[in-house]
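Remarks on the overall topology
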Amino acid sequence: MAQQTERRGSAAWALVITSVAGFMAALDNLVVTTALPSIREDLGGALHDLEWTVSAYTLTFAVLLMFGAALGDRFGRRRLFVAGLAVFTVASAAAAMAPGIDSLIAARAVQGAGAAVMMPLTLTLLTAAVPEARRGTAYGIWGAVNGLAVACGPLVGGSLTEHISWQWIFWLNVPLGVLLIPLARLRLAESHGTGAPLDLPGTLLASGGLFGIVYGLVRGPVDGWTGTVVLTGLFAGPALLVGFVLYSTRARNPMLPMRLFRSRAFAGINAASLLMFLGMFGSIFLLSQYMQGVLGYSPTEAGLRMLPWTGMPMLVAPVAGILSDRVGGRPVVAAGLFLQALGLAHLAVVATAGASYAVQLPGLVVSGVGMALFFAPASNLVMSSVRPKEQGVASGANNALREVGGALGVAVMASIFSAQGGYESARSFVDGMRPALITGSAAVALAGVAALLIPARRPARPSGPPAARTAGPVLENAS
């Protein structure tokens, strides 16, 4: 049972502070995508460098997400939230002032570490401050703000890049962070978790394994797939992940309890989430560059043209929630994934050096509808697949796997792109992007198959005692 100490802040202040902090962390997942061509022109760097400007953030965010939540439980959630927010803010300033591509990548990695500590604690602090009767509304507002960040990421990045400079996609975080830090100290109550020991071995094994795989995939096209360092990463990475699984099955307090995956529902929705983000992030990474570098759109125009995809969840998600309540989450999630796979396949087929926006629009809309059908029901499926006391760990694991999928997607699809094409000409870019998008479509289709493995919802009994377990709040990020 978590212990509350010091003063309790108002629910309204907690909602504002945690929502804005969540917005900042979620925005930085996609805000850089439409700025990539300008960053490349200004700082130089090859394809693998651009990959790391995205993956350095998502990878450190993913592997430290659950560790960050555990740090808050042990040393104080408000204290660690403020620390994570401070690290994120300072790293954002460092990214804005980066003199070269290597320093930008390093700043992005530190940003991800700060977000990994800050983000999972937003929901815990919000839960502590809001009375139980009003938590559903608070979770809904918090989730909507985070959804808005995902939708606006490419557009915000494009607009700031075009009208000011790409550095402002990072400077934007600084005044927000400077404002939130004192507000959090004054308006949020301190709380602690159970004080369970930190899982340092598990964190090191997972971090090392994922870094090895992503590093090998990113450097393979540059150094050659038979290079010593590349082969070391590609072999050592999976070996460390196997070690992480074996360790987690025996550890007393593992970062990710392997017993959760005995549930077919939990295993299915997490496999679907990882594959969906693999296909989605890798596709957005290439399509945002295609719209600017090949089709000649400005950064703002590219961001606007991505909105039918990234912004569709804001319109369709409420309908998806109603459908999942009526027919269950499995068919809605599976349908959404197959629709997104269809949309990506369409974009791959119609891509040419002079494709009009009209021929791309159906693929963007279908992909957006598919994404919207996935998000809300998927969160409920995660939370309802475990016991209530494990929902925090389950939510953190799902979000970590999503971020891992994003990092792997950028690495895998960029490797395919560089093997089949490049930046030499518009034709060369399209030649590389097409097979990469087909791969992304296949990954999302496999995610749909994984979703079908989730057990169907049992029909509700007309009478009798209420179910012993109910689904938790949607759109959670960690304990």
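Residues numbered from 1 in each chain as written. Predicted model: local features only at pLDDT ≥ 70, side-chain atom pairs only at ≥ 80, totals over all residues. Heavy atoms only, no water.

**Quick word on the nonpolar core**
Let me state the cut-off plainly: In this text, buried Ala, Val, Leu, Ile, Met, Phe, Trp, Tyr and Cys residues form a nonpolar core when linked through side-chain atoms within 4.5 Å. For the exposure calls, accessible area comes from a 1.4 Å probe over protein chains only, and a residue counts as buried if that area is under 20% of its type's maximum, exposed if over 50%, partly exposed in between. Strands are runs of DSSP state E lasting at least 2 residues, helices are runs of H or I lasting at least 4, and numbering of each runs from the N terminus. When checking whether two residues touch, look at their non-hydrogen atoms; a contact exists if any pair is within 4.5 Å.
L104, M276, Y290, W309, L337 and M433 are the most contacted members of the largest nonpolar core, which has 99 residues in total. No other element matches the 16 residues that helix 11 (residues 264–294) contributes to this core. Excluding residues within four positions of it along the chain, W309 makes contact with M280, S283, I284, L287, Q340, L344, L364, S367, G368 and M371. In this structure, A11, A14, L121 and A129 belong to the second largest nonpolar core, which totals 34 residues.

**With respect to helix 1 (residues 11–30)**
Operational definition: Given the number of residues in a helix, its expected span is that number minus one, multiplied by 1.5 Å.
An ideal rise of 1.5 Å per residue puts 28 Å on 20 residues; helix 1 measures up with 29 Å between its terminal C-alpha atoms. Counting buried positions along helix 1 gives 15 out of 20 residues, so the element sits mostly inside the fold.

**Topic: the packing of aromatic side chains**
Cut-off, in case you're wondering: Ring geometry is summarised as follows: Phe, Tyr and Trp rings, the Trp one being its six-membered ring, pair when their centres sit within 6.5 Å, and such pairs are stacked at plane angles under 30 degrees, edge-to-face over 60 and tilted between the two. We call a charge positioned above a ring when the Lys NZ or Arg CZ atom is no farther than 6 Å from the ring centre and deviates by at most 35 degrees from the ring normal.
Per the counting criterion, the structure on display carries six aromatic pairs. When the centroid spacing of 5.9 Å and the interplanar angle of 20° are considered together, the rings of F277 and F281 count as stacked. One end of the pair is F277 and the other is F281, both in helix 11 and four residues apart, which spans about a single turn. Grouping residues by exposure puts F277 and F281 together as buried. Of the aromatic side chains, those joined through ring pairs into one cluster are Y290, F417 and F429. The cationic tip of R305 hangs over the ring face of Y297; the distance from NZ or CZ to the ring centre is 4.2 Å. Its guanidinium or amino end placed over the ring of Y357, R305 lies 5.4 Å from that ring's centre, counting from NZ or CZ.

**Some points on the side chain of S92**
The residue S92 is located in helix 4 (residues 77–96) in this model. In this view, S92 contacts Q111, F170, N173 and V174; residues no more than four positions away in its chain are not counted.

**A few points about the environment of S379**
By secondary structure assignment, the location of S379 is in helix 15 (residues 357–384). Residues S379 and S273, spaced 106 residues apart in sequence, show a C-alpha to C-alpha distance of 9.9 Å.

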